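# Residue-level structural notes
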Amino acid sequence: INAEYGVGVKQMEEEWTSGELNNVAFIACRQGSKLAVTLTCIAGHGSFVGMLHGSASDFVRFMRDVLTVVEETLGCSNYHLRLNPRRLPPHLAASSKRGQQAPFDERIAGLAEAAGFWFGAFGDDAREGDPADAESLLDLDSRISYADKGGKLVDLPVTSRDIMVLEGNSARCFLDAQGREMYVVVFKRFVRRQSECSDQEVLELWSLALQAIALKNGESKHDLFTDMRVNAGTFQNVSHLHLKVWMDPDMFAANWAGHQGYEALAEHRRSGGNSVQPHREEQRARSAQKL
């Protein structure tokens, strides 16, 4: 294993595996219930957007193969999946919040360099807890108010329509409801997992935010996003499948300064909005009553 990529917990019990499925190459490391996987494209495209500009059917097949490796070949149903553009050094993008690192060897690193991107998947099938219901988020004209799996209360002075920036046939692209520098892509119908999606829905999930980026910054053969993230199973905070597309903060602010919805969210954040403490105190009180 190439130490340059920050991988190798040699003192612990590990099970390593690698392989290919059509145009996907992968390497995985499992420790108990936890799984870390790196996946990339065998064919070189130079960037993720470069792959999208090619054959739509080839792109959808590739994305379905990524899911097949993680969910069927490696048998993981609860995970965080992150797409990393090559321009980010691996040590900045390779770790999950739970301390797992993406495994690399020289072959995967070389393929990722030629492809221009790679996926890191971090799973744990021992992780428990159901995500919060989020079907109310499909209502475009009601004020946004919901609590996530961790009890975080999001209560905003805007509707989903106020922060929607692009609409496709099957999905919509929004500014982040919490005012972070990201786009959020959500299907028009309720969807829990990517495996439920049609080919058109898979294509739109991964391409709609890129269209929004291009509308603001012009067409580019380079990936202008920082990373893309989607959760599955118990890694979801809300039950409706959504893709987060993180951006450079300065670029994002320049793109959306003056937009009514963006400015409303920014002011709400500056004024100390999205208070989560009352909701969590209420949860603690209910738990104490059960003791």
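A few points on the structure. (Residues numbered from 1 in each chain as written. Predicted model: local features only at pLDDT ≥ 70, side-chain atom pairs only at ≥ 80, totals over all residues. Heavy atoms only, no water.)

### Things to note about the sheet that holds strand E2 (residues 24-31)
Read across the sheet, 10 strands follow the order E1-E2-E3-E5-E4-E11-E12-E10-E9-E8 without closing on themselves; strand pairing throughout is antiparallel. Edge strands, defined here as strands with exactly one partner in the open sheet, are strand E1 (15-21) and strand E8 (164-167). Pairs of neighbouring strands in the sheet enclose a mean axial angle of 20°, with direction left out of account. Here 5 bridges tie strand E9 (residues 171-175) to strand E10 (residues 182-187), and the two strands are oriented antiparallel to one another. Residue pairing in the sheet places Leu175 in a bridge with Tyr183 of E10. In this fold helix H2 (residues 56-73) packs onto E1, E2, strand E3 (34-41), strand E4 (79-85) and strand E5 (117-124), with an angle of close to 25° to the strand it touches most, E2. (Pairing = 2+ DSSP bridges. Helix = DSSP H or I, 4+ residues; strand = E, 2+ residues; numbered from the N terminus. Axes fitted to C-alpha atoms, helices over the stretch in contact; angles between N-to-C directions. Contact = heavy atoms within 4.5 Å.)

### Points about helix H6 (residues 199-217)
Along its 19 residues, H6 runs 27 Å from first to last C-alpha, staying within 8% of the 27 Å computed at 1.5 Å per residue. Of all the bends in H6, the greatest measures close to 40° and is centred on Ser207. The first or second residue beyond H6 is Gly218, which carries a positive phi of 85°. (Expected span 1.5 Å × (residues − 1). Bend = angle between axes of the 7 residues up to and from the residue.)

### Some thoughts on the nonpolar core
In terms of nonpolar packing, the biggest core is built from 72 residues, with Leu39, Phe48, Phe119, Tyr183 and Trp206 touching the most fellow members. Considering every element that reaches this core, the biggest residue donor is H6, with 9 residues. Apart from residues lying up to four places away in sequence, Leu39 is in contact with Val24, Ala25, Phe26, Val66, Val69, Val70, Trp118, Phe119 and Ala121. Formed by 11 residues, the second largest nonpolar core is a distinct cluster that contains Ala25, Ala102, Ala109 and Phe122. (Core = buried A, V, L, I, M, F, W, Y, C linked by side-chain atoms within 4.5 Å. Buried < 20%, exposed > 50% of the residue type's maximum accessible area, 1.4 Å probe, protein only.)

### So, the packing of aromatic side chains
For the structure on display, the rule yields 13 aromatic pairs. Their ring planes at 85° and their centres at 5.2 Å tell us that Phe48 and Phe117 sit as a pair that is edge-to-face. Pair noted here: Phe48 is in helix H1 (residues 48-52) and Phe117 is in strand E5, with a separation of 69 residues, a long-range link. Exposure class is identical for Phe48 and Phe117. Each is buried. (Phe/Tyr/Trp six-rings, centres within 6.5 Å; stacked < 30°, edge-to-face > 60°.)

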